[in-house]
Amino acid sequence: MPRILVRVAALIAVLALLFGVPWWTIVGSPALPVALEVLGTVVFATAAIAVPACMVLGHGPWQRDLAAKIGDLSLGLIWLLFSLSILGNVLRLVLVVSGVDSAAGIVSGVVLVVFAALAAYGMFEARRVPRLKELDVVLPRLGAGLDGLRFAIITDTHFGPLNRTTWSEKVVEVVNELDADVVAHAGDLADGTVAKRQEQVAPLGKVRAKLGKFYITGNHEYFGEAQAWLDHMRDLGWETLHNRHVPVGRGGDTLVFAGIDDPTGAASGLPGHGPDLPAALDGVPASTPVVLLAHQPKQVKQAAEAGIDLQISGHTHGGQIWPFHLLVRLDQPVLAGLSRHGERTQLYTSRGTGFWGPPLRVFAPSEITLLTLRNGK
């Protein structure tokens, strides 16, 4: 069978599940009047066609922001409704076995009420200014002069079809209030071209840091203009760690901040793009501690082999919309927080500062992170 037919068949199967299970749970209830059943069927069928069409128009070569807004929100809502419908049908089975009358009607009502509550909560969480998450991280090789270094992290801002310029300004206000020594953006800056998103990104030019501001590419930069975003962030005053490092010093001690490209860069067709850790560490003395910016947590395997002290990643969004975190864990070793890998390497994975696509965050709140680096002595 030709590959295109396999992909089409897979897409139809996914859409049938995403929309079919909620339809059967809610519209297929025996207690529903025929008129509402017909109306509900029309709504679900129309949405099943409109969502993939809007996603293609919004995120394909046409880049239509209105289509992206409709498609993104609809995709997030149907995923949430699908997940709740699965749980609802487990409840229906329990009620039927227990001999409860009108089990289908009860489940339909419960699913709709919980869906409405979680959708409202999720939209609020996605659009709010992220909460601050503070954590001390002990790096045994850190020199005494750098003990207490304040390291602020933002990542996965995903500036896109929804204009979040005001939100961007408020994020910068929070970051600047931290009075950080170092600030990093760990990738997935924006979705779209510099020309379309520069207004939302512009506030990042006002970020203040005493010792350095560092930026790396995420996978989403490679869906658009990775090199253009590197150039633009450099113009805004950020050091772009494109497979390179920058040493920072205080009190006679040195700490290296290195950065590598996202793995998708290797297949992007852009010359010199793709993760190259040996190049990023070229010239770094073996005795010098290293903080590595690498967008995806799974890049920690190579980092641990190289003896990196601390890797900073994003990408997972903490799952963003429950229970998507279960699928994320199939691809990534860590969902969020601080973890240890090998004898020396620690990994901090941020849940992200913004959101991708659906303007929803359900049980995966966004964050602005402040790590205080300690030498433990």
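Predicted model only: the values in this text are computed from it and were never measured. (Residues numbered from 1 in each chain as written. Predicted model: local features only at pLDDT ≥ 70, side-chain atom pairs only at ≥ 80, totals over all residues. Heavy atoms only, no water.)

Undergrad: How should the nonpolar core be read in this particular structure?
TA: The nonpolar side chains of soluble globular proteins are, as a tendency, buried together. Phe19, Phe44, Leu80, Leu81, Leu84 and Val111 are the most contacted members of the largest nonpolar core, which totals 26 residues. Going through the elements one at a time, α1 (3-27), α2 (34-59), α3 (65-97) and α4 (103-127) are the ones with two or more residues in this core. Broken down by element, this core gets its largest block of residues, 7 residues, from α3. Excluding anything up to four places from it in sequence, leucine 84 contacts Val111, Val114, Phe115, Leu118 and Trp322. (Core = buried A, V, L, I, M, F, W, Y, C linked by side-chain atoms within 4.5 Å. Buried < 20%, exposed > 50% of the residue type's maximum accessible area, 1.4 Å probe, protein only. Helix = DSSP H or I, 4+ residues; strand = E, 2+ residues; numbered from the N terminus. Contact = heavy atoms within 4.5 Å.)

Undergrad: Quick question: what am I supposed to make of the layout of surface pockets here?
TA: Once rolled over the atoms, a probe with the size of a water molecule shows which space is left empty. Considering only enclosed or pocket space, the largest pocket measures out at about 520 Å³ in volume. Lining the largest pocket are 21 residues, and of these Gly319, Gln320, Phe324, Val328 and Trp356 lie nearest its centre. If you list the elements that add at least two residues to the lining of the largest pocket, you get α3 and α10 (325-331). Of the residues contributing to the lining of the largest pocket, the split by class is 9 nonpolar, 10 polar and 2 charged. Here the second largest pocket defines a volume of roughly 310 Å³. Contributions of two or more residues to the lining of the second largest pocket are made by α1, α2, α3 and α4. With 6 residues, the top contributor of residues to the lining of the second largest pocket is α2. Considered class by class, the residues forming the lining of the second largest pocket number 14 nonpolar, 3 polar and no charged. (1 Å grid on protein atoms, 1.4 Å probe; cavity = no way out; pocket = protein on both sides within 12 Å on 5 of 7 lines; lining within 4 Å. Points joined across faces, edges and corners; volume = space filled by probe spheres on them. Nonpolar A, V, L, I, M, F, W, Y, C, P; charged D, E, K, R; others polar.)

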